[in-house]
Each structure stands twice: as C-alpha cells, then as structure tokens.
Amino acid sequence: MLYLACGKKKQTVYDFIDWIGIDWMKNVKAVACDMNSDFEEAFKERCEWLDIVYDHFHLIKNFNDKVVSKVRKEEQKRLIEEGNTEAAKALKGSKYVLMTNTETSKQKEKAAKAGKIIAKGSDLFKKPKVKQKSRN
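All values reported here derive from a predicted model rather than from experimental measurement.

Calculation rules
Residues numbered from 1 in each chain as written. Predicted model: local features only at pLDDT ≥ 70, side-chain atom pairs only at ≥ 80, totals over all residues. Heavy atoms only, no water. Helix = DSSP H or I, 4+ residues; strand = E, 2+ residues; numbered from the N terminus. Expected span 1.5 Å × (residues − 1). Bend = angle between axes of the 7 residues up to and from the residue. Buried < 20%, exposed > 50% of the residue type's maximum accessible area, 1.4 Å probe, protein only. Polar contact = N/O pair within 3.5 Å; in protein donor to acceptor, adjacent residues only side chain to side chain. Contact = heavy atoms within 4.5 Å. Salt bridge = Lys/Arg side-chain N within 4 Å of Asp/Glu carboxyl O. 1 Å grid on protein atoms, 1.4 Å probe; cavity = no way out; pocket = protein on both sides within 12 Å on 5 of 7 lines; lining within 4 Å. Points joined across faces, edges and corners; volume = space filled by probe spheres on them.

Q: Whenever I open this one, helix α4 (residues 56-81) confuses me. Can you help?
A: Since the α-helix turns once every 3.6 residues, residues separated by three or four places project in the same direction. Look at α4: 37 Å from first C-alpha to last across 26 residues, which is about the 38 Å you get at 1.5 Å a residue. Of all the bends in α4, the greatest, near 35 degrees, is centred on N64. Buried within α4 are the following residues: N64, S69, R72, Q76 and L79. With a side-chain oxygen positioned 3.2 Å from the backbone nitrogen of F57, the residue opening α4 is D55. Taken from the residues just after α4, G83 is the one with a positive phi, measuring 90 degrees.

Rendered as structure tokens:
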C-alpha cells in the first residue's frame, strides 16, 4: 500500500500529491479512480499530463444508475398512463433484477443461506461486519 486516506474531496488528492511529491508524480502516466469528479479535477489541476482511467465496475454502475433506472421509471409512468397498473407495479421492484446476472443472483442466494460474511468490518473506517442477505 502506498497511501491511505479517507475522503472524496479534492484536498484528499492534493494531500497525496504533496506527500508523494511532484517529481515522483511526473513519472506517472495515468491514475485509476472511481467517477468522483473532484478527484479527476484535482489530478488534472496538479498533474495535467495524467490520463484518468475509470474502472469497469464504476462505468457499469453509472450506466445502470443513469440509464437503466431512468428507462425503467419512464416505462412505469407510461404503463400507469395507459392504465396498466399491474405491469407498472411489477417494474417498481425490478431494479436489481434487471441489473443482476442470473448466475450472480444464484451465488449470492447460496452465500446468504450459508451465512457467508461479505464484509469483515473495519475499526479504521468504522465499518461493521456484514453477512450476505437473502433476496427471498
């Protein structure tokens, strides 16, 4: 581990760059981060030569949050306007069904039945231990 910080503000990035040094950063070509615009802006302000790379998880999550959810809600509205309230109700709780791979759902259900721990918890970040929850 090179550096550990808690926060999502530009200052978090500034503190990292100040700690590691601009001479070291001149050898870096790209940084990977989530889609936090403050992080991207801070890296570009201090190290304009860097390419910002977004990971696959956050790209898919952003697409699901922005596109799939919007289309689902628009379709619900259309169905209600047409008087098809049963179909609209079916869509209401379908967000995670639409966004989850069938095999992944089966694995999560199996883990939930076994009481598998999915997050160990952390005193450092005040996070509790979490067990997999059943979807049934």
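Q: Whenever I open this one, the environment of V53 confuses me. Can you help?
A: Here V53 is to be found in strand β2 (residues 51-54). Judged by its relative accessible area of 40%, V53 falls in the partly exposed class. When the C-alpha atoms of V53 and A32 are compared, they prove to be 4.6 Å apart, with 21 residues separating the residues in sequence. Filtering out sequence-adjacent residues up to four positions away, V53 remains in contact with A30, V31, A32 and C33.

Q: Can you help me understand the pattern of salt bridges in this one?
A: Side-chain pairs of opposite charge can arise whenever the charged atoms involved come near each other. Under the defined criterion, the tally for this structure stands at eight salt bridges. The salt bridge partner of E45 is K10, with a shortest N-O separation of 2.9 Å. On the criterion of sequence distance, the pair formed by E45 in helix α3 (residues 37-46) and K10 in helix α1 (residues 10-20) is long-range, its members being 35 residues apart. On the accessibility criterion, K10 (23% relative accessible area) is partly exposed. Look at the salt bridges and you will find they share partners, linking K10, E41 and E45 into a network.

Q: Teacher, can you tell me more about the layout of surface pockets here?
A: Unfilled space is identified by rolling a water-sized probe across the atoms. Space inside the second largest pocket adds up to approximately 320 Å³. Contributing to the lining of the second largest pocket are 14 residues, with A5, G7, T12, C33 and F39 lying nearest its centre. For the lining of the second largest pocket, the secondary-structure elements that each account for two or more residues are α1, β1 (30-33) and α3.

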